[in-house]
There are 2 protein chains.
Amino acid sequence: MDKILRIDMGAGGGPKFREDPVGDYAGIGGRALTSAIVSKEVPPLCHPLGENNKLVIAPGLLSGTAAAMSGRISMGCKSPLTGGIKEANAGGQASQVLARLGYAAIVLEGKPADGALYKVMINKDGVKIESADEFKGLGNYDLVDKIKAAHGEKVACISIGQAGEMKMSAASIACTDMEMRPTRHAGRGGVGAVMGSKGVKVIVLDDSGMKMRAPKDPDKFKAANKVWVEGLRKHPVTGEGLPAYGTNVLTNVISEAGAYPTKNFMWGSFETCNKISGETQAETEIERGGSATHGCHRGCIIRCSGIYLDKDGAYLTKQPEYETVWAHGGNCCIDDLDAIAQLDRLDDDFGLDTIEMGATIGVAMEAGLAEFGDAEAAINLVKEVGKGTHLGRILGNGAAVTGKVFGVERVPVVKGQAMPAYDPRGIQGIGVTYATSTMGADHTAGYAVATNILGVGGNVDPLKPEGQIELSRNLQIATAAVDSTGMCLFIAFAVLDQPDTFQALIDMINAFYGLSLTADDVTALGKSVLTNERDFNARAGLTAEHDRLPEFFLKEKLPPHNITFQVKDEELDQVFNW
Amino acid sequence: MDKILRIDMGAGGGPKFREDPVGDYAGIGGRALTSAIVSKEVPPLCHPLGENNKLVIAPGLLSGTAAAMSGRISMGCKSPLTGGIKEANAGGQASQVLARLGYAAIVLEGKPADGALYKVMINKDGVKIESADEFKGLGNYDLVDKIKAAHGEKVACISIGQAGEMKMSAASIACTDMEMRPTRHAGRGGVGAVMGSKGVKVIVLDDSGMKMRAPKDPDKFKAANKVWVEGLRKHPVTGEGLPAYGTNVLTNVISEAGAYPTKNFMWGSFETCNKISGETQAETEIERGGSATHGCHRGCIIRCSGIYLDKDGAYLTKQPEYETVWAHGGNCCIDDLDAIAQLDRLDDDFGLDTIEMGATIGVAMEAGLAEFGDAEAAINLVKEVGKGTHLGRILGNGAAVTGKVFGVERVPVVKGQAMPAYDPRGIQGIGVTYATSTMGADHTAGYAVATNILGVGGNVDPLKPEGQIELSRNLQIATAAVDSTGMCLFIAFAVLDQPDTFQALIDMINAFYGLSLTADDVTALGKSVLTNERDFNARAGLTAEHDRLPEFFLKEKLPPHNITFQVKDEELDQVFNW
């Protein structure tokens, strides 16, 4: 990981690439690296779909090593959805493979002629860029099938579906999983649209002949990894809850807590949520011969995913995440797991962020385009997106655009990005993260749900403003650091609660790189990432006034707690005062 | 004009109104008043279509008096198009009539239940608010016909068409002219959507039984008005050019200057512009028995408008303005006057800003929805807006949304509002106004074209950055003041060139109100209006980064001068440093 692959998609005579030494960007990975490159190299007022934006794809610091859980890959750019900086990360195989190929990052630059579409192939012999005209208009599943036929089942793909080709702001970038299915998505902020604007349909990564990345101190590294794995296995969330039921274990929990956004954020509980809960989902998966416990990349030991088969026992999709089940489910008053799984499959195939799409369908339902609860209508709306009809193009550009086009007032977005599956009135800490995150509304940016609801990392009353700023601040700093390691964010449950597990992570990094970092260095890294991102956003015109929730969260009381968002603007402005 | 009519559209049991004394808002009118009320009373982060926005309708200081040219009425609110403060003003009869009814302003507040639609009737006996369900879905022309049938031809209407009812961001508010046709529009920034969100279809104003407003010093006022009229008559622009050919006299001039945005701002001259020039337009109008010289309100002596008949001699529309002819014409490579007149009629009927719509069609053509130059396709696209199809809703929300939905990079907007008929590369002074105006891209906010091209108010080279900041600054200050008087902005040509005409305007205000204002006071007024507006915008999250032209004006050289926009960001930031 000592080189950066830069591909100029706008070069005369077709794309040209070069390999640069990491140089100034040495020693950072994942989000730290994508945000550093974007912040330094992308003009903040450039058009997100224009030649001056860059798409940076970076494995984490520990990706490609034997460290458990190190398979996240970061995608960074100026976001067409928020207008600010964006890092969205995904699991799957790409991160490990790209890291083993020796790249700290791929940077897609420039812009080809309209309509030009390319495949980038990277293996031990180097880089090849070919026309991908034959892939035009393909969904991710069909595309990956074609790649499989050409390159076998051991490669990893980074690709876009129709949504990315059409440069929609809800377009994701798909990464293939261990079964080489395009189920792992860097979902948020329209990163897929930026890849589409660069004319890259798919990046095929083949690490045959490459070795696992070697630590500087193999013994120390191995020992630390052992403590690490033990720590993850012994924590109830990473060792029991997530393996058994996946993220969807939260459906009952959050609805019970009165913070489950239902009917486009009108209510805090969903009456029939048990029909779509993780428990029901796992039961269904097992009953049909699928799987309720499955990893998305080599080296995953939490195995929070699963395989969802349809009623006839045929593969339909990977186990939909809690946020997906919420977005396409409770948020739209839909309590049909099969319909939700179909929507998940459509989103993955078209290359769409499930959170953005579910929120968008909710807004469309509020606009009267379909009835709340009508699963078939929801499926048809998402199909419009894949077809690229006028309606589909509206929806595919997300909740904010859909709200604007149909004159809807209740649109749950911050900085143009849809809120995930936690109502900020019922979980005030996550509201602070939604409001202030550099990314727009994003639960992963500082998952206060852990401490507000799950009792992880302490306890802070979810319904009171007290303590939420500090909680969100600390979580945002920690997350920015974790997102830079290549580690799956779910490690945070164990890391927050178990000091020895946190230490094991630091020990692994130190042993791998021959460093002697401390916890303070990790905090400093997180702060520096956020500082880079805040700086870019300020130069892009985002201000304190953009660090606010939409008006209706301050006006409408959420049942059953009948509470509005209580954290004051002046407090929100303190999140980054450290 | 000593009272403000406030109508709470969201009151329980239907709209309720009250009349307040002007109080703190005494002594200002037009834009000064709308911007003061909006800045003071509207929460800057409220949803523009929500209950907390207000629509303020205010005649100017001299409206309703015998002063020539005093028929402009201002509409102010938080803009759904720009997210910032908005004042859009219109001619027609409404301003004079509302002023004679004694109102300094009407303020529409709150928000009725979805789908509720009202008519507001104001006459000497007071205010009546009735359901207007029977008007639902009517265009402005049909609506006004019904009002005519019910209330006769002497009332004035302020109304919205289908676009306003659908709360589209390009929706205008129509005011009827002397023939009681809905041809005078407060076009910009989506003020019609805000009126639609308030559930007000039409305000009918009847000043029967009311008197002309009486000056404190009638003799001085009369004398000043005489000098005023003489001044306007003797200036070549207001006395000759505008009366003979209307604003469209500019088509040949601006194309010749290489600053006529053609094919969605790709070129600076339009080869066949003579086919749609003011000269050709006037000839056509006269030939068909229409009129090439016509006033839009009682008291207009410039008479820059006209009556455009179709080929069969039937009334089609008022004489389309230069900006309309450009937007629907050269900008889309359309050189067919009849088609442009039809588009003007459709816009007026649906209640749409012609500038925004023309720019939007240009972007749609760039997206491939129609061929540049295809007039029939353009007409069909605008018809979609009236029908409210999905495509129509996209287009009706303006150029920025259309660009976003279709992934177009070249979108000529500032703060979300489309640029008018002058390329900022060919007329750099107007570029400074576009970039920095509180209103989004708006030529009327500081018409540097006068000095860059027409030699009015001095001469500043249009192709050089030097002098443009000071020019735009002074014009923006002067315009903010003029917009507060109720005066038509076209008086500025004479006022800028003839000190005695400027003095006559001040003398009229002084004689009318018993004041002793000086030119410095006028400047102070303009500055205070801009300060209010800038303050609102800052609190709404608009920053220096929003005072910029889109990237492509800095990258693409405009033929024939082959020049980019030359004014530096740091200079733009000096516009409001006075």
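Concerning the overall build of chain A
Inference 1: Scanning chain A from terminus to terminus reveals 23 helices and 17 strands.
Inference 2: By sequence separation, contacts in chain A at least 24 residues apart represent 71% of the contacts at least 6 residues apart.

Some words on the interface of chain A and chain B
Inference 1: Taken residue by residue, the interface counts 27 residues in chain A and 27 residues in chain B.
Inference 2: Listed by contribution, the elements that provide at least two residues to the side of chain A that touches chain B are α14 (390-396) and α15 (398-406) of chain A.
Inference 3: In terms of residue class, the side of chain A that touches chain B is made up of ten nonpolar, nine polar and eight charged.

Topic: the domain arrangement of chain A
Residues and elements named next belong to chain A.
Inference 1: Domain parsing of chain A yields domain 1 (3-205), domain 2 (215-243 + 424-578) and domain 3 (246-418).
Inference 2: Each of domain 2 and domain 3 was reduced to a C-alpha centroid, and the two centroids are 24 Å apart.
Inference 3: If you look at the interface, domain 2 gives 28 residues, while domain 3 gives 26 residues.
Inference 4: Elements represented by at least two residues in the side of domain 2 that touches domain 3 include exactly α6 (218-234), α7 (236-245) and α16 (428-436).
Inference 5: A total of four residues in the side of domain 2 that touches domain 3 trace back to one element, the largest contributor, which is α7.

Looking at the pairing of strand β14 (residues 305-309) of chain A
Residues and elements named next belong to chain A.
Inference 1: Counting buried residues in β14 gives four out of five residues, a clear majority hidden from the surface.
Inference 2: Of the strand pairs in this sheet, strand β13 (residues 291-294) and β14 are connected by two bridges, and their pairing is antiparallel. Bridging across to β14, H294 finds its partner in S305.

A closer look at the relation of the copies chain A and chain B
Inference 1: Rotating chain A by 180° about the axis while translating it 0.0 Å along that axis superimposes it on chain B, leaving an RMSD of 0.0 Å. With respect to symmetry, the two chain copies, as superposed, fit the operation of a two-fold axis. Every residue of chain A has its C-alpha some distance from the rotation axis, and the shortest such distance is that of A:H390, at 3.0 Å.
Inference 2: A share of 100% of interface residues in chain A that are also interface residues in chain B marks the association as one of identical surfaces.

Quick notes on unusual backbone geometry
The phi torsion of most residues other than glycine is negative, and most of the peptide bonds are trans.
Residues and elements named next belong to chain A.
Inference 1: The residue after P559, namely P560, is reached through a cis peptide bond having omega 5°.
Inference 2: Locating P560 in the fold gives a position in the loop between α22 (552-555) and α23 (569-572).
Inference 3: Within the chain, K263 stands out as a residue other than glycine whose phi angle is a positive 55°.
Inference 4: Structurally, K263 can be placed in the loop between α8 (250-256) and α9 (278-287).

Focus: the sheet that holds strand β15 (residues 315-318) of chain A
Residue and element names in this part refer to chain A.
Inference 1: Strand order in this open sheet of three strands is β13-β14-β15, and the pairing throughout is antiparallel. Every other strand in the sheet has two partners, leaving β13 and β15 as the edge strands with one partner each. Strand-to-strand, the axes of this sheet are offset by a mean angle of 25°, without reference to chain direction.
Inference 2: Sheet strands touched by helix α11 (residues 337-350): β14 and β15. Its angle to β15, the strand with the most contacts, is close to 75°.

Regarding helix α18 (residues 468-482) of chain A
Inference 1: Given a rise of 1.5 Å per residue, 15 residues ought to cover 21 Å, and the 20 Å separating the end C-alpha atoms of α18(A) matches this to within 8%.
Inference 2: Judged by how many residues are buried, α18(A) sits mostly within the fold: 13 of 15 residues are covered.

Some thoughts on the sheet that holds strand β7 (residues 118-123) of chain B
Strand pairing in a sheet relies on backbone hydrogen bonds. The paired strands run either parallel or antiparallel.
Residues and elements named next belong to chain B.
Inference 1: A sheet is described by the order of its strands in space; here six strands give the open sequence β8-β7-β12-β9-β10-β11, paired in mixed fashion. Only two strands of the sheet have a single neighbouring strand rather than two, namely β8 (126-131) and β11 (184-186). Across this sheet, the average inter-strand angle for adjacent strands is 20°, counted without regard to direction.
Inference 2: Judged from the four bridges that link them, strand β9 (residues 156-159) and strand β12 (residues 200-205) form a sheet pairing that is antiparallel. Counted as the bridge partner of C157 is V204 from β12.

Re the packing of helix α16 (residues 428-436) of chain B against helix α18 (residues 468-482) of chain B
All names here are of chain B.
Inference 1: Viewed as axis vectors pointing N to C, α16 and α18 meet at an angle of 60°, and their least axial separation amounts to 9 Å. Considering the angle they form, α16 stands oblique to α18. Between α16 and α18 lies a crossing of right-handed hand. Residues Q428, G429, V432, T433 and T436 of α16 form the contact with α18, whose own contacting residues are Q468, I469, L471, S472 and Q476.

A word on the environment of B:M365
Residues and elements named next belong to chain B.
Inference 1: Its place among the elements puts M365 in helix α12 (residues 354-366).
Inference 2: Residue classification places M365 among the buried positions, given that 24 C-beta atoms sit within 10 Å.
Inference 3: Taking the C-alpha atoms as reference, M365 lies 26 Å from G139; in sequence the two are 226 residues apart.
Inference 4: With near-sequence residues (within four places) excluded, M365 lies in contact with N264, C332, A370, E371 and F372.

As for the nonpolar core
Inference 1: Within the largest apolar cluster, 379 residues are counted, with the highest numbers of intra-cluster contacts made by A:A105, A:M508, B:A105 and B:M508.
Inference 2: Not counting residues within four places of it along the chain, the set of residues in contact with B:A105 comprises B:I4, B:L33, B:I37, B:V56, B:I57 and B:A58.

Concerning the confidence of the model for chain A
Inference 1: Scored by pLDDT, chain A comes out at a mean of 97, with 100% of its residues at no less than 70.
Inference 2: As scored by the predictor, the complex reaches a pTM of 0.97 and an ipTM of 0.96.

Describing the packing of helix α1 (residues 30-41) of chain A against helix α21 (residues 519-539) of chain A
Residue and element names in this part refer to chain A.
Inference 1: One can describe the packing of α1 onto α21 by two numbers: an axis separation of 9 Å at closest approach and a directional angle of 30°. The pairing of α1 with α21 is recorded here as roughly parallel in orientation. The two elements α1 and α21 cross, and the hand of that crossing is left-handed. Within the contact between the two elements, α1 uses R31, A32, S35, A36, V38 and S39 and α21 uses L525, V529, N532, E533, D535 and F536.
Inference 2: Per-class residue counts for the contact of α1 with α21 are six nonpolar, three polar and three charged.

Section: the environment of A:P261
Inference 1: On the secondary structure map, A:P261 appears in the loop between α8 and α9.
Inference 2: Sequence separation between A:P261 and A:N331 is 70 residues, and the spatial gap between their C-alpha atoms is 5.8 Å.

Brief notes about helix α3 (residues 140-151) of chain A
Residues and elements named next belong to chain A.
Inference 1: The end-to-end C-alpha distance of α3, which contains twelve residues, comes to 16 Å, matching closely the 16 Å that a straight helix rising 1.5 Å per residue would cover.
Inference 2: The complete set of buried residues in α3 reads N140, L143, V144 and I147. End-on, the buried residues of α3 take up no more than an arc of 95°, which puts them together on one face.
Inference 3: Structurally, α3 contributes buried residues whose contacts are with β9 (156-159), β10 (173-175), β12 (200-205) and α11.

Describing the environment of B:L45
Inference 1: Considering the arrangement of structural elements, one finds B:L45 in the loop between α1 (30-41) and β3 (55-59).
Inference 2: A C-alpha to C-alpha distance of 8.1 Å links B:L45 and B:G541, two positions 496 residues apart in sequence.

Criteria and thresholds
- The residue numbering used here restarts from 1 in each chain and proceeds along that chain's sequence as written.
- Starting at A for chains and at 1 for ligands, labels are handed out in the order in which the entities are written.
- Local features are withheld for residues below a pLDDT of 70 in this predicted model, meaning they are given only at 70 or higher, and side-chain atom pairs are given and counted only at 80 or more; totals for whole chains, interfaces and linings count all residues.
- Secondary structure follows DSSP: runs of H or I at least 4 residues long count as helices, runs of E at least 2 residues long count as strands, and numbering of each begins at the N terminus.
- C-beta atoms are first placed from the backbone for all residues, and any pair lying within 7 Å is then listed as a contact.
- As a working rule, the residues Ala, Val, Leu, Ile, Met, Phe, Trp, Tyr, Cys and Pro are called nonpolar, Asp, Glu, Lys and Arg charged, and the rest polar, with Gly in that last group.
- Segmentation into domains, and thus their bounds, comes from an automatic or database assignment.
- Once C-beta atoms are placed from the backbone, each residue is buried if 20 or more other C-beta atoms lie within 10 Å of its own, exposed if 12 or fewer, and partly exposed for counts between those two.
- Paired strands, in this sense, are two strands between which DSSP finds at least two bridges.
- Alignment of copies: least-squares fit on C-alpha atoms of residues with pLDDT of at least 70 in both copies.
- In this analysis, axes come from line fits to C-alpha atoms, helices being fitted only over the stretch in contact, and the angle between any two N-to-C directions falls in the range 0 to 180 degrees.
- To estimate how far a helix should reach, multiply one less than its number of residues by 1.5 Å.
- The scheme is simple: roughly parallel for angles under 35 degrees, roughly antiparallel for over 145, roughly perpendicular for 65 to 115, oblique for anything else.
- Should the near helix be turned anticlockwise from the far one by less than a right angle, the crossing is termed left-handed; should it be turned clockwise, right-handed.
- A set of buried Ala, Val, Leu, Ile, Met, Phe, Trp, Tyr and Cys residues, joined through C-beta atoms within 7 Å, is what we mean by a nonpolar core.
- Residue-level confidence of the predictor is what pLDDT reports, using numbers from 0 through 100.
- The arc in question is the one spanned by the directions pointing from the helix axis to the C-beta atoms.

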